[in-house]
Amino acid sequence: AYEMRESDWSSDVCSSDLFPSHDSRQSKRVEGTFARYVPKEVARRLARDPDRDLMKARQHQLTIMFTDIAGFTGLARRLPPEQIAQLLREVLTPLSATIHEHQGTIDKYIGDAIMAFWGAPLEVERAELRALDAAMMMLSRLASLQESLKSRELPRIAIGIGIGIGIHSGVAHVGDMGSSFRSTYTAIGDNVNLAARVEGLTRFYGVGILVTQTVMEACVTTYLFRFVDRVVVKGYDSAVSIYEPLAVLESLSPAQRSLYDAWITGWEEAHALYREGDWEEARLAMLRLIAHPHLGAGAKAFLRRIDSLEAEPPIRGWDGVWTMDEK
């Protein structure tokens, strides 16, 4: 028979690996829980403070991002299930990695969409800027992916796949939400819904990224922005100003800055005529922009809007705010 020796009760044998303490188990649970949402190093930082009730619902100041693959529903009808699943992985993987690289929390995947936020479970310095940096890199990485897709036998719509990104900043409720059957760490509230609505506007204006005024103001010393429009989104009563980030200011040469300034001036002049209700001049100004590779889609949308306003003129004192009927 085996005779137990005193040396058998060494610290190696009785380590926490064999007999984990409550704190050790709690740390592993915290790390395992948040590893689904945040970068691994952040999950490890959270695990060092296992007594902190991070799952408890509380208010946080967040920067919220929604991103969606444009035309994915139509694409899914044209590809076999295994091919669409592979394409989805190839798109969502680099986008998700980019969010984590910029200290974002991935809330969930909603079909082909991603919801993410900055500011919880840990506070993030300059959250708006980190979110916008991530968004710009996501567009860049998608462009690289499009190049690799060209070598495959895929429908043209798959090769030209694009995304829309909406970013808004505000207070939201964050924590363990759901039911007794299933719950998840998520953010909810009006500001979350607004971020989703802003993402939906990217298709209307034909741009990759739209941000609200709060995000623009937090990033205006780093990025060059173009004012796009002032709208009341579906489900809201008050108007929100939306902006498109064009480039990092420091990256622009004098010639590039001059080109962007010309874009901005042309758009703002056309939009001013639209706000003033000068439909004839506004139409001419938008027609001058319609062939522009970047502003053309927005100009077409405004031309349709001008036709509608001409047929049914707005009330006196109208300030150019448009109420969106679609999400």
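Conventions used here
- Residues numbered from 1 in each chain as written.
- Predicted model: local features only at pLDDT ≥ 70, side-chain atom pairs only at ≥ 80, totals over all residues.
- Heavy atoms only, no water.
- Helix = DSSP H or I, 4+ residues; strand = E, 2+ residues; numbered from the N terminus.
- Buried < 20%, exposed > 50% of the residue type's maximum accessible area, 1.4 Å probe, protein only.
- Contact = heavy atoms within 4.5 Å.
- Areas by Shrake-Rupley, 256 points an atom, 1.4 Å probe, with all protein chains shown as cover.
- Patch = residues over 30% accessible without salt bridge, like charges linked within 9 Å, V, L, I, M, F, W, Y side chains within 5 Å.
- Salt bridge = Lys/Arg side-chain N within 4 Å of Asp/Glu carboxyl O.
- Axes fitted to C-alpha atoms, helices over the stretch in contact; angles between N-to-C directions.
- Parallel < 35°, antiparallel > 145°, perpendicular 65-115°, else oblique.
- Nonpolar A, V, L, I, M, F, W, Y, C, P; charged D, E, K, R; others polar.
- Core = buried A, V, L, I, M, F, W, Y, C linked by side-chain atoms within 4.5 Å.

Secondary structure summary: the chain contains eleven helices and nine strands in total. Counting across all 327 residues of the chain, residues that qualify as buried make up 46%. The contacts of the chain with a sequence gap of at least 6 include a subset with a gap of at least 24, amounting to 66%. Carbon together with sulfur atoms contributes 51% to the accessible area of the chain, which is approximately 17800 Å² in total.

Where nonpolar side chains cluster on the molecular surface, the patch consists of L284, L287 and I290 and spans about 220 Å² of accessible area. Mapping L287 onto the fold places it in helix 10 (residues 279-289).

In contact at an axis separation of 12 Å, helix 9 (residues 254-275) and helix 11 (residues 296-311) are set at 10° when each is read in the N-to-C sense. Classified by the interaxial angle, the pair formed by helix 9 and helix 11 is roughly parallel. Contacts between helix 9 and helix 11 involve W267, H271 and Y274 on the former and, on the latter, G298, A299, F302, R305, I306 and L309. For the contact of helix 9 with helix 11, a count of residues per class yields six nonpolar, two polar and one charged.

With 39 residues, the main nonpolar core has M65, W118, L132, I167 and V211 as its most contacted residues. The dominant element in this core, judged by the number of residues it contributes, is helix 5 (residues 127-149), at ten residues. Discounting residues that sit within four places of it in the chain, V211 has contacts with L132, I167, V198, M216, F225, S241, I242 and Y243. One finds W267, W279, A282 and M324 within the second-largest nonpolar core, a separate group that totals 33 residues.

Where charged atoms of side chains with opposite charge meet at close range, the side chains can pair. Overall, the coordinates contain nine salt bridges when judged by the stated rule. Notably, a salt bridge pairs R203 with D68, separated by 3.5 Å at the nearest N-O pair. Taken together, the residues R203 in helix 7 (residues 190-205) and D68 in strand 1 (residues 58-70) connect sequence positions 135 residues apart. A residue is classified by how much of its surface remains accessible, and R203, at 43% relative accessible area, is partly exposed. Here D68 falls in the buried class, since its relative accessible area comes to 16%. With a shortest N-O distance of 2.7 Å, D107 and K108 are connected by a salt bridge.

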